[in-house]
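Residue strings, one per chain:
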Amino acid sequence: MAAHAHKVKRYHGLLDWLTTVDHKKIGILYLLAGGLFFLVGGLEAILIRIQLIKPMNNFVGADTFNELITMHGTTMIFLAAMPLLFALMNAVIPLQIGARDVAFPFLNALGFWTFFFGGLLLNISWFAGNVPDAGWTSYVPLASPTYNSGHGVDYYVLGLQIAGIGTLLGGVNFMATIINMRAPGMSFMRMPMFAWTIFITSALIVFAFPVLTVGLVALMFDRLFQANFFETASGGSAVLWEHVFWVFGHPEVYILILPAFGVISEVVSTFARKRLFGYSSMVFATVLIAFLGFMVWAHHMFTTGLGPVANALFSIATMLIAVPTGVKVFNWLFTLWGGSIRFTAASMFAIGFIPTFVMGGVTGVMLAVAPADYQYHDTYFVVGHFHYVIVGGLVFSIFAGLHYWWPKMFGRMLNEWIGKLTFWTFFIGFHLTFFVQHFLGLLGMPRRVWTYLPNQGFDTMNLISTIGAFLMGVATIAFLVNVVVTSAKPRNAKADAWEDGRSLEWSIPSPPPEYNFKQLPLVRGFDAWWKEKMEGHTEMTPAEPPGPIHMPSPSFLPLIMSIGLFIAGFGFMYDKLYLAIGGIAVTLFCMFLRSVFDDHGFHIEEEEQEKGVHA
Ligand code: HEM
Ligand SMILES: [Cu+2]
């Protein structure tokens with residue numbers, strides 16, 4: 001214990017989770033919180049579907065219905081889908097690039113707690129009796145103080161601002177991590193595909209989230225301080241909000257789907273026991289999708305009256321995205337082609353993803369035809385389309401990623417039988433729910449309607465859609481049962497849990513020790529671990545000698561800083577200036593403490609490290 005004298009307090013149990021800056025533990029926190037919000041968003045979806053199960057139903061009132069669709073969409077996108085992706089990013093990326101943690105562990109913890117408290121603030125609105133009800137897009141003037149004077153939309157505006165800080169910090173962190181923390185020898189073009197998609201997604205976050213933040217601040221000023229950014233009568237512009245929202249909103253859907261593409265590439269390649277086909281074209285397709293993703297936002301506004309020239313340009317740009325996306329789809333098919341495919345729960349979700357996502361993509365191209373969109377816009381065809389890409393795409397891949405990396409995160413393999421039951425009930429439930437919605441839309445059923453008249457051809461398909469939603473509910477319960485059943489099993493998953501692992505995370509124990517790698521590995525090619533195995537090595541070649549390992553200190557500050565913002569949110573909303581100032585003061589004081597007291601961290605000495613070269 002000679003050289004490194006800094007005594008750092010290490011916590012255990014709950015205090016350990018409240019102070020951790022370890023990416024593996026932060027990944028599990030994102031999984032818990034994101035999973036909880038997925039269940040909340042899923043319950044809201046079930047309630048929506050019960051209301052729409054038959055014409056003229058009054059299971060819930062019209063106002064509650066508006067609150068349900070608003071909270072369902074907002075919760076699922078910001079508080080469930082993205083945090084679940086952050087769970088996989090935190091659990092896997094440092095391991096895949098051969099690092100001991102992310103570039104900024106403290107910031108990583110702050111990112112999690114600001115997301116969590118922002119999400120909490122938003123959902124407390126259900127108990128405050130003031131729930132956001134202007135749709136997840138919160139269009140003005142519906143969301144402006146003139147037409148929406150309650151505090152509902154304030155919860156949306158303030159909750160998303162706080163949660164958005166977390167996402168932005170995450171984007172900055174993972175960009176810095178992937179640029180600076182790659183193991184010796186891991187050049188960019190040797191990185192696993194998942195790491196590439198996370199790198200590009202982080203760049204999208206850095207460019208898109210500030211746009212949303214600016215919009216939310218302007219809407220907050222309109223609502224809380226009588227500004228007129230979007231008040232048409234006072235010289236503001238309602239269409240401006242739509243532009244601001246979708247300049248963020250469309251890249252947001254790529255922030256969701258690019259990581260999903262990365263998961264599919266990993267899972268398909270591992271379970272086909274084949275190198276990913278067209279690796280370089282996959283990388284360039286990802287970059288191209290991200291770039292074009294910023295050029296298409298107005299396809300959500302074809303009917304707003306932007307004019308034929310603008311509509312034509314955004315229509316063409318949107319269709320262009322189908323090309324790099326098609327490249328990815330064919331590369332997955334060619335990876336499977338000729339492979340010795342193993343059908344595990346993970347690979348079934350990945351293989352089920354491909355045709356399902358393509359169906360969502362193709363209806364996307366249909367929607368990109370501006371004249372035709374005058375028919376599709378704001379109908380159930382649109383609801384069917386985006387659920388095919390978000391649920392059929394993203395949620396399928398999250399299930400694939402969780403079944404695939406669960407042994408690495410928890411040291412136990414999920415039960416395969418229950419896993420396959422989860423797949424089939426979710427797959428069938430999904431297509432039952434959303435396929436018919438395309439036809440409901442073509443028959444003219446608008447979205448966001450609380451109920452509908454009988455005998456317009458909507459009845460049977462709405463019944464089918466609701467039955468499908470319940471089946472997806474059954475699948476989700478099956479997954480939860482699997483989690484509980486598996487947690488009772490011994491922690492005996494192997495390092496290379498699927499025996500066909502290709503990237504670095506499968507070269508270290510399941511779960512990895514706190515410091516991940518005893519000695520950082522030397523990477524000698526793409527599919528680094530597979531390459532070593534094919535040359536008969538049972539471990540990675542070390543890139544450094546063994547020695548003491550430096551670790552960052554745990555800290556309460558990220559939690560307290562986020563609680564400060566949470567309190568300030570209430571202060572601003574209910575005009576309690578002392579609360580607003582008090583909350584901000586707490587946050588600023590923590591920042592002051594963090595900036596004046598150096599964190600020297602601590603060292604794990606060699607003798608404390610687990611035995612075995614890279615154990
Ligand atoms: C898992 C099962 C799900 C079901 C059964 C479901 C069902 C629905 C339904 C019926 C609507 C339309 C409400 C209407 O316009 O009348 C809706 C809206 C929406 N859903 Fe889902 N959904 C599910 C999952 C998801 C997921 C995972 C996401 C995102 C990650 C999502 C995002 C949205 C969004 C953004 C809206 C639009 C809300 C609005 O109009 O403001 N949904 N959902
Ligand atoms: Cu879009």
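Please refer to the structure higher up on the page.
Right, let's walk through the structure included here. Because the structure is a prediction, the values reported are computed rather than measured. (Residues numbered from 1 in each chain as written. Chains lettered and ligands numbered in written order. Predicted model: local features only at pLDDT ≥ 70, side-chain atom pairs only at ≥ 80, totals over all residues. Heavy atoms only, no water.)

What follows is about the pattern of salt bridges. For the coordinates displayed, the defined rule picks out 15 salt bridges. A salt bridge links arginine 502 to aspartate 527, with the shortest nitrogen-to-oxygen separation between them at 2.7 Å. Of the two residues, arginine 502 is situated in the loop between helix 15 (459–487) and helix 16 (528–534) and aspartate 527 in the loop between helix 15 and helix 16; the sequence distance between them amounts to 25 residues. Aspartate 527 matches arginine 502 in its accessibility class, with the two residues each being buried. Bridged by salt links that share partners, the residues Arg524, Lys531, Glu532 and Glu535 form one connected network. (Salt bridge = Lys/Arg side-chain N within 4 Å of Asp/Glu carboxyl O. Helix = DSSP H or I, 4+ residues; strand = E, 2+ residues; numbered from the N terminus. Buried < 20%, exposed > 50% of the residue type's maximum accessible area, 1.4 Å probe, protein only.)

Within the largest apolar cluster, 154 residues are counted, with the highest numbers of intra-cluster contacts made by Phe78, Phe112, Trp332, Leu394 and Phe426. Look past the residues within four positions of tryptophan 332 in its chain and what remains in contact with it is Phe261, Ile264, Ser265, Val268, Leu276, Met282, Phe353 and Ile354. Of all hydrophobic cores here, the second largest spans 14 residues; its members include Phe65, Leu68, Tyr380 and Val383. (Core = buried A, V, L, I, M, F, W, Y, C linked by side-chain atoms within 4.5 Å. Contact = heavy atoms within 4.5 Å.)

On to the coordination of the iron atom of ligand 1. Coordination sphere of the iron atom of ligand 1, protein contribution only: His72 (NE2) and His387 (NE2), at 2.0 Å. Taken together, the 6 donor atoms coordinating the iron atom of ligand 1 span angles of 88 to 180° at the metal, a pattern that classifies the geometry as octahedral. In this pair, histidine 72 sits in helix 3 (residues 62–96) while histidine 387 sits in helix 13 (residues 380–410), placing the two residues 315 residues apart along the sequence. Note on accessibility: histidine 72 and histidine 387 belong to one class, buried. (Donors = N, O, S within 2.8 Å, 3.2 Å for Na, K, Ca; no water. Tetrahedral: all angles 85-135°; square planar, octahedral: opposite > 155°, others 65-115°.)

Here we come to the packing of helix 6 (residues 193–224) against helix 8 (residues 279–292). The contact between helix 6 and helix 8 brings their axes to 10 Å, and the two run at 15°. With respect to their mutual orientation, helix 6 and helix 8 come out roughly parallel. Helix 8 is crossed by helix 6, and the crossing has right-handed handedness. Between helix 6, through Met193, Trp196, Thr197, Ile200 and Leu204, and helix 8, the contact on the second element is made entirely by Tyr279, Met282, Val283, Thr286, Val287 and Ala290. When grouped by side-chain class, the residues that make up the contact of helix 6 with helix 8 number 9 nonpolar, 2 polar and no charged. (Axes fitted to C-alpha atoms, helices over the stretch in contact; angles between N-to-C directions. Parallel < 35°, antiparallel > 145°, perpendicular 65-115°, else oblique. Left-handed = near helix turned anticlockwise from the far one by under 90°. Nonpolar A, V, L, I, M, F, W, Y, C, P; charged D, E, K, R; others polar.)

Right, let's talk about the site of ligand 1 for a bit. Not every one of the 24 residues close to ligand 1 is listed here, only the nearest: His72, Trp136, His387, Arg447 and Arg448. Contact between ligand 1 and histidine 72: a nitrogen atom at 2.8 Å from a side-chain N or O atom of the residue. Here a nitrogen atom of ligand 1 and a side-chain polar atom of histidine 387 are 2.8 Å apart. Elements that contribute at least two residues to the shell around ligand 1 include exactly helix 2 (23–51), helix 3, helix 13 and helix 15. In terms of residue class, the shell around ligand 1 is made up of 17 nonpolar, 4 polar and 3 charged. (Near = heavy atom within 4 Å. Polar contact = N/O pair within 3.5 Å; in protein donor to acceptor, adjacent residues only side chain to side chain.)

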